[in-house]
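# Fold and geometry: a report
One-letter residues, chain by chain:
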Amino acid sequence: MTERERSSGEPPPDGSAPPLLPGAGTGQPRYEPPPSVGKLLLWVLLFALAAVVVVLGGVYLT
């Protein structure tokens, strides 16, 4: 099957339905790619900020 036939959206000539996800019919597990360093750093800073807010709020209210 050529790339043009695959990208046209037509079903394969043998009548079978194409897999919904690439690699879905191989039986191998699919994993998400790891987050980028910038996105990971952003999440760490967000949780650190939330922890600081919780601690300061607890100190202020006591």
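Residues numbered from 1 in each chain as written. Predicted model: local features only at pLDDT ≥ 70, side-chain atom pairs only at ≥ 80, totals over all residues. Heavy atoms only, no water.

### With respect to the overall build of the chain
For the chain, the count of helices and strands is 2 helices and 0 strands. Taking all 62 residues of the chain together, the buried fraction comes to 2%. Accessible area of the chain: about 6,100 Å², with a carbon and sulfur share of 69%. (Helix = DSSP H or I, 4+ residues; strand = E, 2+ residues; numbered from the N terminus. Buried < 20%, exposed > 50% of the residue type's maximum accessible area, 1.4 Å probe, protein only. Areas by Shrake-Rupley, 256 points an atom, 1.4 Å probe, with all protein chains shown as cover.)

### Side note on a nonpolar patch on the surface
Taken together, W43, L46 and F47 make up a surface patch of nonpolar side chains, about 360 Å² in accessible area. Exposure remark for L46: the relative accessible area of 45% places this residue in the partly exposed category. (Patch = residues over 30% accessible without salt bridge, like charges linked within 9 Å, V, L, I, M, F, W, Y side chains within 5 Å. Salt bridge = Lys/Arg side-chain N within 4 Å of Asp/Glu carboxyl O.)

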